[in-house]
Amino acid sequence: MSAKPQAPTSLPDPSNLRDVLAYWMRLKRVEKGWSQERLAMECDLDRTYVSAVERSRWNVSLSNIERFAQALDVEPWMLLRPPGR
């Protein structure tokens, strides 16, 4: 049994888009009650890729941002908007 998903505990650096993307992906995933594995399945991507993106380890293509946005029911640009703006 996996641990319950936890929302981000701090805001990202607004000048680092990888951190901003990671923040929104994790927040929206947790709001849906999804694991990284479930999000990966919904996007037809590997779970390790989702994990790396949520840890700001990978640059993400626009195509994959679009996949994440569709799965999370948000507009793609919203995943790149710094929180509070």
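Here, every reference points to the structure presented above.
Residue numbers restart at each chain and count upward from 1, following the sequence in its written direction. Where local features are concerned, this predicted model is filtered to residues with pLDDT of at least 70; where side-chain atom pairs are given and counted, the filter is 80 or more; whole-chain, interface and lining totals use all residues. Calculated side-chain values reflect all of the structure's heavy atoms, with hydrogen atoms and water omitted.

Participant: Explanation requested: a positive patch on the surface in the structure shown.
Facilitator: Residues forming no salt bridge and having over 30% relative accessible area are the ones grouped into patches, like charges within 9 Å of each other and nonpolar side chains (Val, Leu, Ile, Met, Phe, Trp, Tyr) within 5 Å. Exposure was quantified through the Shrake-Rupley algorithm and a 1.4 Å probe, taking into account, for residues, occlusion by the shown protein chains and nothing else. By definition here, a salt bridge exists when the distance from a side-chain nitrogen of Lys or Arg to a carboxyl oxygen of Asp or Glu is within 4 Å. By the counting rule applied here, Lys and Arg register as positive and Asp and Glu as negative, while His and the ends of each chain are not counted. Charged side chains are reduced to one point each, which is NZ for Lys, CZ for Arg, CG for Asp and CD for Glu. On the surface, Arg18, Arg47, Arg55 and Arg57 cluster together to form a positively charged patch. A helix here means a DSSP run of H or I that spans at least four residues, while a strand means a run of E at least two residues long, and both kinds are numbered starting from the N terminus. Tracing the backbone shows arginine 57 in the loop between helix 3 (47-54) and helix 4 (62-72).

Participant: What exactly am I supposed to notice about the packing of aromatic side chains here?
Facilitator: In this description, a pair of aromatic rings is defined by centroid distance and the angle of the planes. Note on aromatic pairs: the rings of Phe, Tyr and Trp (six-membered ring only in Trp) are paired at centre separations within 6.5 Å, and the planes decide the class, stacked below 30 degrees, edge-to-face beyond 60, tilted for the rest. Counting across every chain of the model gives 3 aromatic pairs. For the pair tyrosine 23 and tryptophan 24, a centre-to-centre distance of 5.2 Å together with 80 degrees between the ring planes defines the contact as edge-to-face. With a 1.4 Å probe rolled over the protein chains alone, any residue whose accessible area is under 20% of its type maximum counts as buried; one over 50% counts as exposed, and the rest are partly exposed. For tyrosine 23, a relative accessible area of 15% translates into the label buried. Note on tyrosine 49 and tryptophan 58: the rings are 6.3 Å apart at their centroids and 50 degrees apart in plane angle, and the pair reads as tilted. Among the residues examined, tyrosine 49 registers a relative accessible area of 17% and is labelled buried. Since its relative accessible area comes to 48%, tryptophan 58 is described here as partly exposed.

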